[in-house]
Amino acid sequence: QTTINYQADSRGLKDFYKNYFSIGVAVGRRNLTGDEATLIKKQFNSVTAENAMKMASIQPREGHFNWKEADSIVSFAVKNGIKIRGHNLCWHEQAPDWMFIDANGKQASKELLLERLKTHIDAVVGRYKGKIYAWDVVNEAIDDDDTKFLRNSKWYQICGEDFIVKAFEYAHAADPEAKLYYNDYNTERPQKRVRIYKLLKNLKDKNVPIDGVGLQAHWSIYEPSKQELIDAIQQYSSLGLKIQFTELDMSIYPWEKEKRAKKAGETDTYTPDLEQKQIAQYKMVFDTFRKYKDVITNVTFWNISDRATWLDSYPVIGRKNYPLLFDTQLQPKKAYWEVVKFK
Ligand code: XIL
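Let me sum up the structure you'll find in this document. These numbers were taken from a predicted model, which means no experiment stands behind them. (Residues numbered from 1 in each chain as written. Predicted model: local features only at pLDDT ≥ 70, side-chain atom pairs only at ≥ 80, totals over all residues.)

Here we look at the overall build of the chain
On a plain count of helices and strands, the chain comes out with 11 helices and 11 strands. Its C-alpha radius of gyration of 20 Å places the chain within 12% of the 20 Å reference for a compact globule of 343 residues. Considered along the principal axes of its C-alpha atoms, the chain spans approximately 65 × 45 × 45 Å. Burial statistics for the chain: of 343 residues in total, 42% are counted as buried. At a minimum sequence separation of 6, the contacts of the chain that also span at least 24 residues come to 75%. (Helix = DSSP H or I, 4+ residues; strand = E, 2+ residues; numbered from the N terminus. Rg over C-alpha atoms; globule rule 2.2 N^0.38 Å. Buried ≥ 20, exposed ≤ 12 C-beta atoms within 10 Å, placed from the backbone. Contact = placed C-beta atoms within 7 Å.)

Things to note about the packing of helix α5 (residues 110-127) against helix α7 (residues 162-174)
Contact pair α5 / α7: the axes reach a minimum separation of 9 Å and the direction vectors enclose 35°. You can see that α5 and α7 cross each other, and the crossing is right-handed. Across the interface between the two elements, L114, L117, K118, I121, D122, V125 and G126 from α5 touch F163, K166, A167, Y170, A171 and A174 from α7. Residue composition of the contact of α5 with α7, grouped by class: 9 nonpolar, 1 polar and 3 charged. (Axes fitted to C-alpha atoms, helices over the stretch in contact; angles between N-to-C directions. Left-handed = near helix turned anticlockwise from the far one by under 90°. Nonpolar A, V, L, I, M, F, W, Y, C, P; charged D, E, K, R; others polar.)

Some words on the site of the ligand
In the vicinity of the ligand, the contacting residues are E50, N51, N139, Q216, E247 and W310. Partitioning the shell around the ligand into residue classes produces 1 nonpolar, 3 polar and 2 charged. (Near = placed C-beta within 6 Å.)

Details of unusual backbone geometry
Residue N88 is reached from H87 by a cis peptide bond, and omega for that bond is -15°. Relative to the helices and strands, N88 is located in strand β3 (residues 83-90). Looking along the chain, the bond that leaves Y314 and enters P315 is cis, with omega of 0°. Here P315 lies in the loop between β10 (296-301) and β11 (316-317). One non-glycine residue, E140, adopts positive backbone phi at about 60°. The residue E140 is located in the loop between β4 (132-139) and α6 (154-159) in this model. Phi angles above zero are rare outside glycine, and L330 is one such case at about 70°. Examined against the element boundaries, L330 turns out to sit in the loop between β11 and α11 (334-340). Residue classification places L330 among the partly exposed positions, given that 16 C-beta atoms sit within 10 Å.

What about helix α10 (residues 272-291)?
Counted at 1.5 Å a residue, the expected span for α10 with its 20 residues is 28 Å, and the 29 Å between its end C-alpha atoms agrees. Those residues of α10 not exposed but buried are Q278, Q281, Y282, V285, F286 and F289. For α10, the angular spread of buried residues about the axis comes to 125°, placing them on one side. Exposed residues pointing more than 90 degrees away from the buried face of α10 are listed as P272, D273 and K291. (Expected span 1.5 Å × (residues − 1). Arc of directions from axis to C-beta.)

Written out as structure tokens, the structure reads:
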């Protein structure tokens, strides 16, 4: 095994993977200075706004747009030659309450809601036209319940399936060059995969302008299996769609549905055994990604390092997680070397 002197080596993930796909990271304005900014520039050639481009952040009140943080991320990326993925245009979470309520305080009509969606998408996609090369247009529209199809969100209650079609049409009209993605989680679980495939096939059959599917990849050291990952890549790409892994992290805990408080005495130690499992899982997924480089166009990590990740407070508040390739000191972990060791 060749050991690489990390400090002296000028290569980053983006360089090791330059013949495969771009490598991204989710960021906020807080990450754009100091040692984190240095790391971003060395390692990544794509960024996603972790929260700043979501509907409630960008348009907290009707017609009042808050561009500050989103603009700062876009200008950092443009200045440093980094590509930008947009996240996201339509989601049941982090959507402002006003969106669904009319002037009389009643539930908005379908007509009004779609008009507001169009106004929002026109403004956001239009502002970053030519700078954001791909958008997550609709996020997480499939229900978690295996017996149901679309999630029973406000969007669905008011518009039925049409909100999905319309969101893609509005986004395409606002920037015909941007690549448009449907994005979701647990996309490798066989039963959810069937439902996501059904939605994507419906969209393709209706000639909706969709280019690809975003697999969030909020994974753990226990799942997905290699076969599940391969099945997902093959099934989605059989529709002629590109695949991006949009929010990759590898939790050291099994995923649980319910949010709960940390239990007394519950461990949050990153044991050598857990680390070993994580190394193996990272190696497995990147070995697999490389085999499918013709359909995979980007892999994005959800946060920079174990210093601070959204998984430190989700789904369990106050439980430290260690899901990324850089440690709390921003140094590459052993898993990093497995991910870049190939030929
Ligand atoms: C998360 C952010 O990381 C958190 O900071 C925020 O509090 C909640 O949202 N799926 C998505 C992302 O599509 O937008 C979510 O990001 C994580 C799950």
